[in-house]
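Reading the structure
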Amino acid sequence: MSLKQRVEADIKEAMLARDKPRLQALRGIKSLIMLAETEKGGGEGITPDTEMKLLTKAAKQRRESAEVYAQQQRADLEQIELAELAVIEEYLPKQLDEGDLRVRLLEIIQRVGATGPSDLGRVMGVASKELAGQADGRAISSAVSDLLNNTDF
């Protein structure tokens, strides 16, 4: 079942349950999918990779908005963003914790043959593709920098 079909089925369930916050988040996801389909120019749909990128971007936007609202002491708006983020994360693969992320990055570093901070770009290119949807880009970048600056790996 494609992401669009799953979201449409979940929209129906949310409508029947009268779960407005969930319904709003699901409609937002469906809107992103429909926009991506029309951008590509046609009815063939979008690839699972594109779907993952859309969801990752939407989750990142919700996280950043929630942070801004927290700084501005707008708990009401922060809660809305966090609720939408929770719904979006249901469709994303399980996020790697810091330990698992470091293990995967060490494997990538060894495979690429990186020896120091000058190899950051090569490692990030591979890591970003392999860990897409499993970890935030900022977390990947930070961990790669830390690992490459530690020369005893």
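Described in the following lines is the structure provided in the data block. Keep in mind that this is a model prediction, so the values were computed, not measured.

Considerations on the overall build of the chain
- Within the chain, the regular secondary structure consists of seven helices and zero strands.
- Evaluated residue by residue, the chain yields a buried proportion of 31% over its 153 residues.
- Of the roughly 9500 Å² of accessible surface on the chain, 51% is carried by carbon and sulfur atoms.
- Across the chain, 22 positive and 26 negative side-chain charges occur, with their mean positions spaced 5 Å apart.

Examining empty space enclosed by the protein
- In this structure the tally under the stated criterion is one cavity of 30 Å³ or more.
- Here the largest cavity defines a volume of roughly 60 Å³.
- Lining the largest cavity we find Thr56, Ala59, Lys60, Arg63, Leu92, Gln95, Gly133, Ala135 and Asp136.
- A class-by-class count of the residues in the lining of the largest cavity yields three nonpolar, three polar and three charged.

Brief notes about unusual backbone geometry
- One non-glycine residue, arginine 18, adopts positive backbone phi at about 55°.
- Secondary-structure assignment places arginine 18 in the loop between α1 (3-17) and α2 (20-40).
- Backbone geometry places glutamine 73, a non-glycine residue, at a positive phi of 60°.
- Looking at where glutamine 73 falls in the secondary structure, it is placed in the loop between α3 (48-71) and α4 (75-89).
- Note on glutamine 73: relative accessible area 72%, which makes it exposed.

Concerning the layout of surface pockets
- Roughly 320 Å³ of internal volume is contained in the largest pocket.
- Along the walls of the largest pocket sit 16 residues, with Thr56, Ala132, Gly133, Ala135 and Gly137 positioned nearest its centre.
- Listing elements by their share of the lining of the largest pocket, those giving two or more residues are α3, α6 (120-130) and α7 (137-149).

Digging into the packing of helix α5 (residues 98-112) against α6
- Put simply, α5 and α6 touch, their axes get as near as 10 Å, and they point 130° apart. Classified by the angle between their axes, α5 and α6 sit oblique to one another. In terms of crossing hand, the pair formed by α5 and α6 is right-handed. Residues Arg104, Leu105, Ile108, Ile109, Arg111 and Val112 of α5 touch α6, and the partners they reach there are Arg122, Val123, Val126, Ala127 and Glu130.
- For the contact of α5 with α6, the per-class residue count stands at seven nonpolar, no polar and four charged.

Definitions and cut-offs
- Residues numbered from 1 in each chain as written.
- Predicted model: local features only at pLDDT ≥ 70, side-chain atom pairs only at ≥ 80, totals over all residues.
- Heavy atoms only, no water.
- Helix = DSSP H or I, 4+ residues; strand = E, 2+ residues; numbered from the N terminus.
- Buried < 20%, exposed > 50% of the residue type's maximum accessible area, 1.4 Å probe, protein only.
- Areas by Shrake-Rupley, 256 points an atom, 1.4 Å probe, with all protein chains shown as cover.
- Lys, Arg positive; Asp, Glu negative; His and termini not counted.
- Charge placed at Lys NZ, Arg CZ, Asp CG, Glu CD.
- 1 Å grid on protein atoms, 1.4 Å probe; cavity = no way out; pocket = protein on both sides within 12 Å on 5 of 7 lines; lining within 4 Å.
- Points joined across faces, edges and corners; volume = space filled by probe spheres on them.
- Nonpolar A, V, L, I, M, F, W, Y, C, P; charged D, E, K, R; others polar.
- Axes fitted to C-alpha atoms, helices over the stretch in contact; angles between N-to-C directions.
- Parallel < 35°, antiparallel > 145°, perpendicular 65-115°, else oblique.
- Left-handed = near helix turned anticlockwise from the far one by under 90°.
- Contact = heavy atoms within 4.5 Å.

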